[in-house]
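# Results of the structural survey
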Amino acid sequence: MWIKKKEVAIQMPVKGELIPIEEVNDPIFSSKTMGEGFAVRPKNGKIFAPVSGKVISIFETKHAIGIETKNGVSLLIHMGIDSVELKGIPFTLFASEGREIKQGSKIAEMDLAYFKEAGKSDDVVFVLTEKDQYKNFSIDQYGDISLNEKIGAIVI
């Protein structure tokens, strides 16, 4: 019997350079301790949803947003490195806990100048936090990619 794979497409969520998670300057992310993923070195601070789903968590300091897809895959969006120390100041959120969001919708903005002044990396990291929720994860290409272009997939 043939069973069709379920796939969730991932879209480029930030204008900038898509990099492997291993290149993030934070060992928790680069060693994949938190999970598989990718990162973007942003050219502007506008963050869009890479997948459709429900916002399941927003950290008090606004630096991280958790999304769960309809297929049950959890994705953490972590804006900046050591950005919890910025106490939410450089972030404006357009998403709220419990709200459904569509792929490509604007969910946050980061003040990149504030990151620079604070001496913090503004890398935006996207992590699949629960390995048992999916079978495979892949990114098709790295580098400068157009916003909302398909960059990879999660196979359920």
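Here we summarise the structure given alongside this text. (Residues numbered from 1 in each chain as written. Predicted model: local features only at pLDDT ≥ 70, side-chain atom pairs only at ≥ 80, totals over all residues. Heavy atoms only, no water.)

### Thoughts on unusual backbone geometry
As a reminder, the rule being used: Labels follow the DSSP assignment, with helices taken as runs of H or I lasting at least four residues and strands as runs of E lasting at least two, numbered in each case from the N terminus. Only protein chains enter the accessibility calculation, which uses a 1.4 Å probe; a residue is then buried when its area is under 20% of its type maximum, exposed when over 50%, and partly exposed in between.
For Lys32, which is not a glycine, the phi torsion comes out positive at approximately 65°. Mapped onto the elements, Lys32 comes out in the loop between helix H1 (27-30) and strand E3 (36-42). Among the residues examined, Lys32 registers a relative accessible area of 29% and is labelled partly exposed. Residues other than glycine seldom take positive phi values, yet Asn148 does so here, at roughly 70°. Relative to the elements of secondary structure, Asn148 occurs in the loop between strand E13 (143-145) and strand E14 (150-155). Classification of Asn148 as partly exposed rests on a relative accessible area of 32%.

### What to know about the sheet that holds strand E11 (residues 124-128)
Selection rule: Paired strands, in this sense, are two strands between which DSSP finds at least two bridges.
Pairing in this open sheet of 8 strands is antiparallel, and the strands run E9-E5-E6-E7-E11-E3-E2-E13 from one edge to the other. Of all strands in the sheet, those with a lone pairing partner are strand E9 (100-101) and E13, marking the two edges. Here 5 bridges tie strand E6 (residues 64-68) to strand E7 (residues 74-79), and the two strands are oriented antiparallel to one another. Of the residues in E7, the one forming a bridge with Gly66 is Leu76.

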